[in-house]
Protein chains: 2
Amino acid sequence: MTPGLAPAALAALVDAVGADHVLTDAEVTAGHVVDWTGRFRGATPAVVRPRTHDEVAAVVAVARAHQLAIVPQGGNTGLVGGSVPLAGEVVLSTARLAGVLAVDAASGHLTAGAGTPLARVQDAARAAGWAYGVDLAARDSATIGGNVATNAGGLRVVAHGPTRAQLVGVAAVLGTGATVDDLGRLEKDVTGYDLSGLLCGSEGTLGVITAVRLRLVPARPERVVVALGFGSMAGAVEAVGRLRRALPDLEAAEAYGAAEAELVAGHLGSVPVVDAPVTVVVEVAASTDPTDGVAEAVGALDGVLEVHVAADGPRRAALWRPRETITEAIATVGPHHKLDVSLPADELGDFAVEVERRVGEAVPGARTWIFGHLGDGNLHVNVTGVEPDDATVDDVVLGLVLERRGSISAEHGIGTAKRAWLGRQRGDDALATMRAIRAACDPDGILNPAVLL
Amino acid sequence: MTPGLAPAALAALVDAVGADHVLTDAEVTAGHVVDWTGRFRGATPAVVRPRTHDEVAAVVAVARAHQLAIVPQGGNTGLVGGSVPLAGEVVLSTARLAGVLAVDAASGHLTAGAGTPLARVQDAARAAGWAYGVDLAARDSATIGGNVATNAGGLRVVAHGPTRAQLVGVAAVLGTGATVDDLGRLEKDVTGYDLSGLLCGSEGTLGVITAVRLRLVPARPERVVVALGFGSMAGAVEAVGRLRRALPDLEAAEAYGAAEAELVAGHLGSVPVVDAPVTVVVEVAASTDPTDGVAEAVGALDGVLEVHVAADGPRRAALWRPRETITEAIATVGPHHKLDVSLPADELGDFAVEVERRVGEAVPGARTWIFGHLGDGNLHVNVTGVEPDDATVDDVVLGLVLERRGSISAEHGIGTAKRAWLGRQRGDDALATMRAIRAACDPDGILNPAVLL
């Protein structure tokens, strides 16, 4: 059942953003109440679509006055139920806060509205002679505001760090109604607390981000991709650690196993690119042709079973394709539970073996698929043969992660899905501090109340 | 007069860290009550020197129980009076929280006690085949905990960002007594608010940082230094913007004027390296010899009056020497007021001309010296012929900075010196939010109460 909204509150929202941008028809709002996987489905009395920072401030003021809860929503590409109205909240869509607002080519800073798709940010950076340091598969629909609110990771973290490392400042409206205005912030500015940084990764619980200012990275146009075969995940981790030091321009180091390679090959109607227990795909992006340096660094590694090198575009894409097709291939197996964890480098290899064993023991019929970002310790653990929210799988996988000093959420966030696990990783002191900060920034608890804390 | 301490409070401090590490003798504490420039001098009833995180927690507990104010103090190399007991606070020295605790060579993370000098962090990173992304002139005495607490900038920000961009996590004791324990944090970890990031740049007002975990950068061993002459600061800014895009491995871009070059040459008994209105020193650090690429990029610039290239160590040092000697040379002129500001790239050139004109008009006999980090918009404005805290100079220089959308503190912080200016840059909303966050983390106001807010 769709939750209701008092006439006075509805009128105030219309006043804030205009009648055309307060959507209440259930058919029109349907796309806003469910996440893209269909796992998280809620209901909303209204979707509001402010066009400016001031309109967002007006919506927050209405929410405070009428005690309405708000869920900020960007591309809605999340995986943890953080951007859908699971408790009947009003949805604040950032769709109209879109567009690249400015590119300062001299200092390498880019400013964009929160609703701008990541791919448009990347394009604008390239057009100015720079690059943006973050890339993810959902680049065409994920928004830059959502990226900042969730501290998005992705494929290039090993080279440039997560979204937080790209962030110069944001414009945002806090739950108190206060405006954070760091869009004019410069690279060097030490004038009090980093409110923008605090908003990064806060999953919409402290403020609504309306625009962001990002630090770009230099464009390194010469690229080489190498696919390497290893006998074990532990051997692959060791090799990637060496490659990172030998190749300062290493931009990605991804891995998957033989089972995943076969699954993908079956899905694509091809054969695996690499015939080895573990495949590692490495990309190096340099300002001058890196082929010789890469060959030398790979030649110095131990335990390499196979090497494939690609310098031109189509062959690079061919080496990447299996890795990029894994999620799609796993979906063809049937319902599955997605977990996204990170481990210390010295635990990664053993974890990959142990998690498969423990899941197999605990859940008969379950099968574990592992792939991920080896350079930064982030593994995606997908378990087929179970429902997407199977609690036993959570217990086994996340329990093992905490045993091995890892993180229960490497890049997907906490959302509603992992709320019960947050305290187990961060501890009571951190939870109490986060609650106090939330009370300072959103004392009425109107922003994403079902998420995180 | 040295402020007193109630016997019960003194006994509790002794209980917390041991009698040998509660220093009360004024002769012994003398070095802790004044900053290195002599501009900020206070008094303290005691200097405590905890050795562990738990001992810091015990000191904070005593401070809360006895309502003592604390000033955390690292290398005491700051310039804004942020680490000396100006209001009779107890000094918490991090001197014994020193040492590199761990280097994870595979993932490129380094963990060190707060009291570890920056230079030791740099050395340990190099020994593990990595580099640390921040460098400053005070590297031998400035501590890594102080660097994080003040979000230190320095010479490499153009390449690697400020200290905040290197930070993975900290261990800290908040004013509430809560422990932040992010020392085990991994590169990818999206589990709630970034408490470590919030502490970075908070100048000791939210918590006492006891240890830090840092992200290292790849070592790029091949270096070239180029000194270039330009006709104006505006031309130099334009050229540096182009060089940053053409040379992804550009690691520093510093500038000074002809008057500064002559002052330094007089001090060193030599002649200026470059005979031009503005000198720019650029360093490129790459994995393979960057000389050809640098020559090509410099050749494509407009308005270059002179070029000097150095690839070997001694010649590189010779090109750097004037820039590194400016502070020392200015000190020989007499008392002076140091300001540290940043400007948008498109304002830098005009600002440099205008600030000299306005200071000259407002303060007869004053002389302005300008140098700094051109790649990141950070200029050090030194005014001789006035006292170090001349308010007219503050009004003229910082007023102009705010007119031109700059920052009143690029890397020195706010401390006590610029407190009156914080609100003028950040605005009422940001100040109110900072106060609310401070109340959440340090409700009794025991940590650095005279600083920032």
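Residues numbered from 1 in each chain as written. Chains lettered and ligands numbered in written order. Predicted model: local features only at pLDDT ≥ 70, side-chain atom pairs only at ≥ 80, totals over all residues. Heavy atoms only, no water.

1. Comments concerning the overall build of chain A
Consideration 1: Counting its regular elements, chain A contains 15 helices and 18 strands.
Consideration 2: Relative to the 2.2 N^0.38 estimate, which gives 22 Å for 453 residues, the radius of gyration of chain A is 22 Å and therefore close to what a compact globule would have.
Consideration 3: With respect to the three principal axes, the spread of C-alpha positions in chain A is 70 × 55 × 45 Å.
Consideration 4: Among the 453 residues that make up chain A, the fraction classed as buried is 60%.
Consideration 5: For chain A, the exposed area adds up to about 15800 Å²; of that, 51% sits on carbon and sulfur atoms. (Helix = DSSP H or I, 4+ residues; strand = E, 2+ residues; numbered from the N terminus. Rg over C-alpha atoms; globule rule 2.2 N^0.38 Å. Buried < 20%, exposed > 50% of the residue type's maximum accessible area, 1.4 Å probe, protein only. Areas by Shrake-Rupley, 256 points an atom, 1.4 Å probe, with all protein chains shown as cover.)

2. Description of the packing of helix α9 (residues 233–246) of chain A against helix α13 (residues 345–362) of chain A
All names here are of chain A.
Consideration 1: Orientation of α9 relative to α13, taken along the N-to-C sense of each, is 155 degrees, at an axis distance of 8 Å. Taken together, α9 and α13 sit at an angle that is classed as roughly antiparallel. The two elements α9 and α13 cross, and the hand of that crossing is right-handed. Each of Met 233, Ala 234 and Val 237 in α9 lies in contact with α13, whose residues at this interface are Ala 345, Leu 348, Gly 349 and Ala 352. (Axes fitted to C-alpha atoms, helices over the stretch in contact; angles between N-to-C directions. Parallel < 35°, antiparallel > 145°, perpendicular 65-115°, else oblique. Left-handed = near helix turned anticlockwise from the far one by under 90°. Contact = heavy atoms within 4.5 Å.)

3. A word on unusual backbone geometry
Consideration 1: We note that Gln 67 of chain A has phi near 50 degrees; this positive angle belongs to a residue other than glycine.
Consideration 2: Topologically, Gln 67 of chain A is positioned in the loop between α3 (53–66) and β3 (70–73).

4. Considerations on helix α11 (residues 291–299) of chain A
An α-helical turn contains 3.6 residues, so any two residues separated by three or four positions project in the same direction.
Residue and element names in this part refer to chain A.
Consideration 1: Val 294, Ala 297 and Val 298 are the residues of α11 that are buried. Down the axis of α11, the sector holding all buried residues measures 95 degrees, keeping them to one side. Projecting away from the buried face of α11 at angles above 90 degrees are the exposed residues Asp 292, Ala 295, Glu 296 and Gly 299.
Consideration 2: In this structure, the buried side of α11 is in contact with β12 (222–230), α9, β14 (278–286) and β15 (304–310). (Arc of directions from axis to C-beta.)

5. Focus: the environment of Val 298 of chain B
Residue and element names in this part refer to chain B.
Consideration 1: By secondary structure assignment, the location of Val 298 is in helix α11 (residues 291–299).
Consideration 2: For the pair Val 298 and Gly 145, spaced 153 residues apart in sequence, the C-alpha to C-alpha distance is 38 Å.
Consideration 3: Not counting residues up to four positions away in its chain, the partners in contact with Val 298 are Val 226, Leu 228, Leu 243, Val 304 and Val 307.

6. Some points on the environment of Pro 443 of chain B
Consideration 1: Along the polypeptide, Pro 443 of chain B turns up in the segment after α15 (419–441).
Consideration 2: Taking the C-alpha atoms as reference, Pro 443 of chain B lies 43 Å from Ile 326 of chain B; in sequence the two are 117 residues apart.

7. Observations concerning the interface of chain B and chain A
Many descriptions give the size of an interface as the accessible area lost when the pieces come together.
Consideration 1: Across the boundary between the two partners, chain B contributes 80 residues, which contact 80 residues of chain A.
Consideration 2: Roughly 6100 Å² of surface becomes buried between chain B and chain A when both sides are summed, with 58% attributable to carbon and sulfur atoms.
Consideration 3: Among the residues chain B hides against chain A, the three largest losses belong to Lys 188, Val 190 and Tyr 193 of chain B. Together they make up 17% of the total.
Consideration 4: In this structure, the connection of chain B to chain A is made through 8 salt bridges.
Consideration 5: Joining chain B to chain A, the criterion identifies 35 residue pairs in polar contact (both at pLDDT 80 or more). (Buried area = accessible area lost by both parts, 1.4 Å probe. Salt bridge = Lys/Arg side-chain N within 4 Å of Asp/Glu carboxyl O. Polar contact = N/O pair within 3.5 Å; in protein donor to acceptor, adjacent residues only side chain to side chain.)

8. A short note on the nonpolar core
Consideration 1: Among the nonpolar cores identified, the biggest contains 180 residues, and Phe 351 and Leu 374 of chain A together with Phe 351 and Leu 374 of chain B are the most heavily contacted of them.
Consideration 2: When sequence neighbours within four positions are dropped, the list of residues in contact with Leu 374 of chain A reads Met 233, Ala 236, Val 237, Val 240, Ala 253, Glu 254, Ala 255, Val 280, Leu 348 and Leu 379 of chain A.
Consideration 3: Counting 22 residues, the second-largest nonpolar core is a separate cluster that includes Val 17, Val 48, Val 56 and Val 208 of chain A. (Core = buried A, V, L, I, M, F, W, Y, C linked by side-chain atoms within 4.5 Å.)

9. Points about the domain arrangement of chain A
Residue and element names in this part refer to chain A.
Consideration 1: Structurally, chain A comprises domain 1 (7–96), domain 2 (100–218), domain 3 (222–323) and domain 4 (337–415).
Consideration 2: A separation of 33 Å is found between the C-alpha centroids of domain 1 and domain 4.
Consideration 3: Contact with domain 1, which involves 4 residues of that partner, is made by 8 residues of domain 4.
Consideration 4: Roughly 500 Å² is buried in total at the junction of domain 1 and domain 4, and carbon and sulfur atoms are behind 69% of that figure. (Domains from an automatic or database assignment.)

10. Examining the relation of the copies chain B and chain A
Note that the two copies of the chain are related through a rotation about an axis and a translation along the same axis.
Consideration 1: Note on the identical chains: chain B maps onto chain A by a rotation of 180 degrees and an axial translation of 0.0 Å, with an RMSD of 0.0 Å. Those values place the two copies in the arrangement expected of a two-fold rotation axis.
Consideration 2: When the interface residues of chain B are mapped onto chain A, 100% of them again fall at the interface, so both copies present the same face. (Least-squares fit on C-alpha atoms with pLDDT ≥ 70 in both.)

11. What to know about the pattern of salt bridges
Consideration 1: Per the stated rule, a full pass over the model turns up 53 salt bridges over all chains.
Consideration 2: Between Glu 283 of chain A and Arg 223 of chain A there is a salt bridge, with its nearest N and O atoms 2.6 Å apart. Separated by 60 residues along the polypeptide, Glu 283 of chain A in strand β14 and Arg 223 of chain A in strand β12 bring together distant segments of the chain.
Consideration 3: Under the relative-accessibility criterion, Glu 283 of chain A is labelled buried at 5%.
Consideration 4: Arg 220 of chain B is paired through a salt bridge with Asp 249 of chain B; the nearest N and O atoms lie 3.4 Å apart. In this pair, Arg 220 of chain B sits in the loop between β11 (217–218) and β12 (222–230) while Asp 249 of chain B sits in the loop between α9 (233–246) and β13 (250–257), placing the two residues 29 residues apart along the sequence. The same class applies to Arg 220 of chain B and to Asp 249 of chain B, which are both buried.
Consideration 5: One network of salt bridges, with partners in common, ties together Asp 182, Arg 185, Asp 189 and Asp 194 of chain A together with Arg 164 of chain B.

12. Description of the sheet that holds strand β1 (residues 22–23) of chain A
Residues and elements named next belong to chain A.
Consideration 1: Strand order in the open sheet formed by 4 strands is β1-β2-β4-β3, and the pairing between neighbours is mixed. The open sheet has two edge strands, β1 and β3, and neither has a second partner.
Consideration 2: Looking at chain direction, β1 and strand β2 (residues 47–48) are connected through 2 bridges and run antiparallel. Each bridged residue has a counterpart across the sheet, and for Leu 23 the counterpart in β2 is Val 47.
Consideration 3: Strand contacts of α3: β2, β3 and β4 (90–93), with the helix running at about 155 degrees to β3, the strand carrying the most contacts. (Pairing = 2+ DSSP bridges.)

13. Focus on the sheet that holds β12 of chain B
All names here are of chain B.
Consideration 1: Overall, antiparallel pairing links the 7 strands, which are arranged β15-β12-β14-β13-β17-β18-β16 in an open sheet. Every other strand in the sheet has two partners, leaving β15 (306–310) and β16 (336–342) as the edge strands with one partner each. Within the sheet, the average angular offset between the axes of one strand and its neighbour, ignoring direction, is 15 degrees.
Consideration 2: Sheet topology note: the β12/β15 ladder contains 5 bridges and is antiparallel.

14. Looking at the pairing of strand β14 (residues 278–286) of chain B
Residue and element names in this part refer to chain B.
Consideration 1: The element β14 is largely enclosed, with a buried count of 9 among its 9 residues.
Consideration 2: Burial along β14 is two-sided: Val 278, Val 280, Val 282, Val 284 and Ala 286 and Thr 279, Val 281, Glu 283 and Ala 285, pointing in opposite directions, are all buried.
Consideration 3: In terms of strand pairing, β12 meets β14 through 9 bridges, oriented antiparallel. Looking at the pairing, Leu 228 lines up with Val 280 of β14.
Consideration 4: Bridge count for β13 against β14 is 7 bridges, and the pairing is antiparallel. For Ala 255, the partnering residue across the bridge sits in β14 and is Val 280.

15. Regarding helix α15 (residues 419–441) of chain A
All names here are of chain A.
Consideration 1: The end-to-end C-alpha distance of α15, which contains 23 residues, comes to just 20 Å, noticeably less than the 33 Å that a straight helix rising 1.5 Å per residue would cover.
Consideration 2: Residue Gly 427 marks the point of greatest curvature in α15, where the axis turns by about 115 degrees.
Consideration 3: What α15 keeps buried is the set Trp 421, Leu 422, Gln 425, Arg 426, Ala 430, Leu 431, Thr 433, Met 434, Ile 437, Arg 438, Ala 440 and Cys 441. (Expected span 1.5 Å × (residues − 1). Bend = angle between axes of the 7 residues up to and from the residue.)

16. Let's talk about the state of the cysteines
Consideration 1: All told, the structure shown has 0 disulfides over all chains when counted by the stated rule.
Consideration 2: Take Cys 441 of chain B: it sits in no disulfide, and the sulfur closest to it among the cysteines is that of Cys 441 of chain A, at 9.9 Å. (Disulfide = S-S within 2.5 Å.)

17. Examining a negative patch on the surface
Residues and elements named next belong to chain A.
Consideration 1: Side chains of Glu 222, Asp 289, Asp 292 and Glu 296 sit close together on the surface and give a patch of like negative charge.
Consideration 2: Summarising the element assignment, Asp 289 is placed in the loop between β14 and α11.
Consideration 3: A relative accessible area of 53% means that Asp 289 is categorised as exposed. (Patch = residues over 30% accessible without salt bridge, like charges linked within 9 Å, V, L, I, M, F, W, Y side chains within 5 Å. Lys, Arg positive; Asp, Glu negative; His and termini not counted. Charge placed at Lys NZ, Arg CZ, Asp CG, Glu CD.)

18. Here's the deal with the packing of helix α14 (residues 391–403) of chain A against α15 of chain A
All names here are of chain A.
Consideration 1: Packing of α14 against α15 leaves a shortest axis separation of 11 Å and a crossing angle of 15 degrees. Considered as vectors, α14 and α15 are oriented roughly parallel to each other. Crossing of α14 over α15 shows right-handed handedness. Contact residues: α14 offers Asp 394, Asp 395, Leu 398, Gly 399 and Leu 402, while α15 offers Trp 421, Arg 424 and Gln 425.
Consideration 2: Counted by class, the contact of α14 with α15 contains 3 nonpolar, 2 polar and 3 charged residues. (Nonpolar A, V, L, I, M, F, W, Y, C, P; charged D, E, K, R; others polar.)

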